[in-house]
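Now for the letters of each chain:
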Amino acid sequence: MRVKVQLFETLRRFGKEFEVEGNSLEEVLRKLASKLGKDFYMEVFDENGSIRSDRIITVDGRNVKDERPKLKDGSVIAIFPLIAGG
């Protein structure tokens, strides 16, 4: 299935929006990382190859932290780095 991946804040250096084929969140992110390179991979995956816990990821507007969301054709995945400031 085809989904959209939107990148925000500091991740926008890789681009704003991509269409990716995949059946799971992890598969989509790995395919996008293979396209965008090692720097993107390190922004999304930790040293164990798991999705980083310090990223906010939503699927169709719903925060999916620690979940395995079901994707559907046309789903929108958004990835936000945690931003601190004052």
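So, how was this worked out
Residues numbered from 1 in each chain as written. Predicted model: local features only at pLDDT ≥ 70, side-chain atom pairs only at ≥ 80, totals over all residues. Heavy atoms only, no water. Salt bridge = Lys/Arg side-chain N within 4 Å of Asp/Glu carboxyl O. Helix = DSSP H or I, 4+ residues; strand = E, 2+ residues; numbered from the N terminus. Buried < 20%, exposed > 50% of the residue type's maximum accessible area, 1.4 Å probe, protein only. Pairing = 2+ DSSP bridges. Contact = heavy atoms within 4.5 Å. Axes fitted to C-alpha atoms, helices over the stretch in contact; angles between N-to-C directions. Expected span 1.5 Å × (residues − 1). Arc of directions from axis to C-beta. Phe/Tyr/Trp six-rings, centres within 6.5 Å; stacked < 30°, edge-to-face > 60°.

Whenever I open this one, the pattern of salt bridges confuses me. Can you help?
When their charged atoms lie close together, side chains carrying opposite charge are able to pair. Considering all chains together, one arrives at 10 salt bridges under this definition. The salt bridge involving Arg-2 is made with Glu-21; its shortest N-O contact spans 3.0 Å. Placement of Arg-2 in strand β1 (residues 2–7) and of Glu-21 in strand β2 (residues 17–21) is noted, with a sequence separation of 19 residues between them. On the basis of relative accessibility, which here comes to 38%, the residue Arg-2 falls in the partly exposed class. By sharing partners, the salt bridges in this structure join Arg-13, Glu-43, Arg-52, Asp-54 and Arg-55 into a single network.

What is the right way to read the sheet that holds strand β3 (residues 55–59) from this model?
What holds strands together in a sheet is hydrogen bonding between their backbones, with the strands either parallel or antiparallel. On the basis of which strands lie adjacent, the open sheet formed by 5 strands has the order β2-β1-β5-β3-β4 and mixed pairing. The sheet is open, and its two edges are formed by β2 and β4 (62–63), each paired on a single side. As paired strands, β3 and β4 are joined by 2 bridges and run antiparallel to one another. Residue pairing across strands places Thr-58 opposite Asn-63, the latter belonging to β4. Packing of helix α1 (residues 25–36) onto the sheet brings it into contact with β1, β2, β3 and β5 (76–81), and relative to β2 it is tilted by some 120°.

Which parts of the structure should I look at to understand α1?
An α-helix turns once every 3.6 residues. As a result, residues three or four positions apart point the same way. For α1, which comprises 12 residues, the first-to-last C-alpha distance of 16 Å matches the rise-based estimate of 16 Å (1.5 Å per residue) to within 8%. Here α1 has its buried residues at Leu-25, Val-28, Leu-29, Leu-32 and Ala-33. Along α1, the residues classed as buried sweep out an arc of 135° about the axis, all on the same side. Those residues of α1 that are exposed and aimed more than 90 degrees away from the buried face are Ser-34 and Lys-35. In this structure, the buried side of α1 is in contact with β1, β2, α2 (38–44), β3 and β5. Where α1 ends, the next residue or the one after it, Gly-37, has phi of about 105°, a positive value.

What is the right way to read the packing of aromatic side chains from this model?
What describes a pair of aromatic rings is the distance from one ring centre to the other and the angle between the planes of the rings. Under the definition given, this model contains 3 aromatic pairs. Ring centres of Phe-14 and Phe-40 lie 5.3 Å apart, and the angle between their planes is 75°; on these two criteria the pair is classed as edge-to-face. Of this pair, Phe-14 sits in the loop between β1 and β2 while Phe-40 sits in helix α2; the two residues are 26 residues apart in sequence, bridging distant segments of the chain. Under the relative-accessibility criterion, Phe-14 is labelled buried at 16%. Each ring, one from Tyr-41 and one from Phe-45, has its centre 4.8 Å from the other, and the planes form 25°; the classification is stacked. Given the relative accessible area of 28%, Tyr-41 is considered partly exposed.

Keep in mind that these numbers describe shape and distance, not what the molecule does.
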